[in-house]
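A structural walkthrough
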There are 2 protein chains.
Amino acid sequence: MSNQGLPVVSAECCTPLVAEPLGAGEAAELARVFKALSDPVRLRLLTLIGAHAGGREVGQGVCVCELTGAFEVTAPTISHHLKVLREAGLIASERRGTWVYYWLLPATLERLAALLKPEPAAL
Amino acid sequence: MSNQGLPVVSAECCTPLVAEPLGAGEAAELARVFKALSDPVRLRLLTLIGAHAGGREVGQGVCVCELTGAFEVTAPTISHHLKVLREAGLIASERRGTWVYYWLLPATLERLAALLKPEPAAL
């Protein structure tokens, strides 16, 4: 393991590390995912997908036709936001006939949640 | 309760809502917090504070002198990033003598984590 991400401890420093801070590579990767969440319409789209029956199940999903009506933005704008969420690994999609269906990818969501609410390290 | 955030359900829609999606007001507020997390240095600072003994305790905290050494950016840049995290409600700070001490604000972190990993609604 490299010490990338660990601080240079000076003589005057006195609080020890009790857990492993995020390394530079993982931080860059996760910052991109958080950027995808930094837009109100995308946040609402994400929770709207999760709030629908089937929105958390691979291969089920929510029809895009059920997502566009909730927002005062055009369908192409919704499509753009869904693409950003998909490219960030937060949702997946599948075309079935006329419509595209979207569902949440829990692995990415749980990774972010674990970062924000890690178990406190034992001292 | 307003129906802000709820979709207009068309005749062809078939998957019911099983939970409450995020409303527009809360989405705008939380998007600003996620924006604060969308920078790799800020993400590393946040986890570095949390990784130190006292970094999760109000009134304890981690000296800024222990945070600057971990990054190849200037001290004023670190101060700027810490200010962004503070203004987003993710950390708090207190000056004690020469140094400023920082600690995490768990309420904000837990709110984000809960949004990303909500309990699946009962069908």
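Going by what an unreviewed UniProt entry lists, chain A is known as Transcriptional regulator and is assigned to Actinomadura craniellae.

1. Some remarks on the relation of the copies chain A and chain B
Superposing chain A onto chain B takes a rotation of 180 degrees plus a shift of 0.0 Å along the axis, which leaves an RMSD of 0.0 Å. Between the two chains, the operation in question is that of a two-fold axis. Among all C-alpha atoms of chain A, that of Ala-113 of chain A lies closest to the rotation axis, at 2.2 Å. Interface overlap between copies: 100% of the residues of chain A at the interface are likewise at the interface in chain B, consistent with a symmetric, same-surface contact.

2. Brief notes about the state of the cysteines
Residues and elements named next belong to chain A. Within this structure, the stated rule accounts for two disulfides over all chains. Note on cysteine connectivity: Cys-63 is disulfide-linked to Cys-65, with sulfurs 2.5 Å apart. Across the S-S bond of Cys-63 and Cys-65 the torsion is about 135 degrees, and the bridge reads as right-handed. Taking relative accessible area as the criterion, Cys-63 reaches 3% and is therefore assigned buried.

3. Things to note about the interface of chain A and chain B
Counting residues at the interface gives 51 residues for chain A and 52 residues for chain B. With both chains or domains summed, chain A and chain B bury close to 4300 Å², and 69% of this area falls on carbon and sulfur atoms. Its largest share of buried area at the contact with chain B, chain A owes to Arg-44, Glu-66 and Leu-116 of chain A, together 14% of the area lost on that side. Counting across the interface, chain A meets chain B through zero salt bridges. Summed over the shared surface of chain A and chain B, the number is eight residue pairs in polar contact (both at pLDDT 80 or more). Secondary-structure elements contributing two or more residues to the side of chain A that touches chain B are α1 (24-36), α2 (40-51) and α4 (106-116) of chain A. With seven residues, α1 of chain A is the single largest residue contributor to the side of chain A that touches chain B. Among the residues making up the side of chain A that touches chain B, the classes are represented as 34 nonpolar, eight polar and nine charged.

4. So, helix α1 (residues 24-36) of chain B
Over its 13 residues, α1 of chain B runs 19 Å from end to end, which matches the ideal 18 Å to within 8%, given 1.5 Å per residue. Those residues of α1 of chain B that fall on the buried side of the exposure criterion are Ala-27, Leu-30, Ala-31, Val-33, Phe-34 and Ala-36 of chain B. Looking at the buried residues of α1 of chain B, the elements they touch are α1 and α2 of chain A together with α2 (40-51), α3 (75-87) and α4 (106-116) of chain B.

5. Focus: the pattern of salt bridges
Throughout the structure, instances matching the rule amount to eight salt bridges over all chains. With a closest N to O distance of 2.8 Å, Glu-29 of chain A and Arg-111 of chain A form a salt bridge. Of this pair, Glu-29 of chain A sits in helix α1 while Arg-111 of chain A sits in helix α4, placing them 82 residues apart in sequence. Residue Glu-29 of chain A is classed as partly exposed on the basis of its relative accessible area, which comes to 35%. For Arg-111 of chain A, a relative accessible area of 33% corresponds to the partly exposed category. Residues Arg-111 of chain B and Glu-26 of chain B are paired through a salt bridge, measuring 3.3 Å at the closest nitrogen-oxygen approach. Separated by 85 residues along the polypeptide, Arg-111 of chain B in helix α4 and Glu-26 of chain B in helix α1 bring together distant segments of the chain.

6. Points about the sheet that holds strand β1 (residues 62-63) of chain A
Residue and element names in this part refer to chain A. Spatially, three strands are ordered β1-β3-β2 in an open sheet, and the strand pairing comes out antiparallel. The sheet is open, and its two borders are formed by β1 and β2 (91-96), each paired with just one other strand. Summarising the sheet, β1 and strand β3 (residues 99-104) pair through two bridges and their orientation is antiparallel. Bridge pairing in β3 links Cys-63 to Tyr-101.

7. Side note on the packing of aromatic side chains
In total, this model carries one aromatic pair over all chains according to the counting rule given. Plain terms: the ring middles of Phe-34 of chain A and Phe-34 of chain B are 6.0 Å apart, the flat faces sit at 20 degrees to each other, and that makes the pair stacked. Placement of Phe-34 of chain A in helix α1 and of Phe-34 of chain B in helix α1 is noted, with the two residues assigned to different chains. By the burial criterion, Phe-34 of chain A is buried, and Phe-34 of chain B matches it.

What counts and how
- Residues numbered from 1 in each chain as written.
- Chains lettered and ligands numbered in written order.
- Predicted model: local features only at pLDDT ≥ 70, side-chain atom pairs only at ≥ 80, totals over all residues.
- Heavy atoms only, no water.
- Least-squares fit on C-alpha atoms with pLDDT ≥ 70 in both.
- Contact = heavy atoms within 4.5 Å.
- Disulfide = S-S within 2.5 Å.
- Buried < 20%, exposed > 50% of the residue type's maximum accessible area, 1.4 Å probe, protein only.
- Buried area = accessible area lost by both parts, 1.4 Å probe.
- Salt bridge = Lys/Arg side-chain N within 4 Å of Asp/Glu carboxyl O.
- Polar contact = N/O pair within 3.5 Å; in protein donor to acceptor, adjacent residues only side chain to side chain.
- Helix = DSSP H or I, 4+ residues; strand = E, 2+ residues; numbered from the N terminus.
- Nonpolar A, V, L, I, M, F, W, Y, C, P; charged D, E, K, R; others polar.
- Expected span 1.5 Å × (residues − 1).
- Pairing = 2+ DSSP bridges.
- Phe/Tyr/Trp six-rings, centres within 6.5 Å; stacked < 30°, edge-to-face > 60°.

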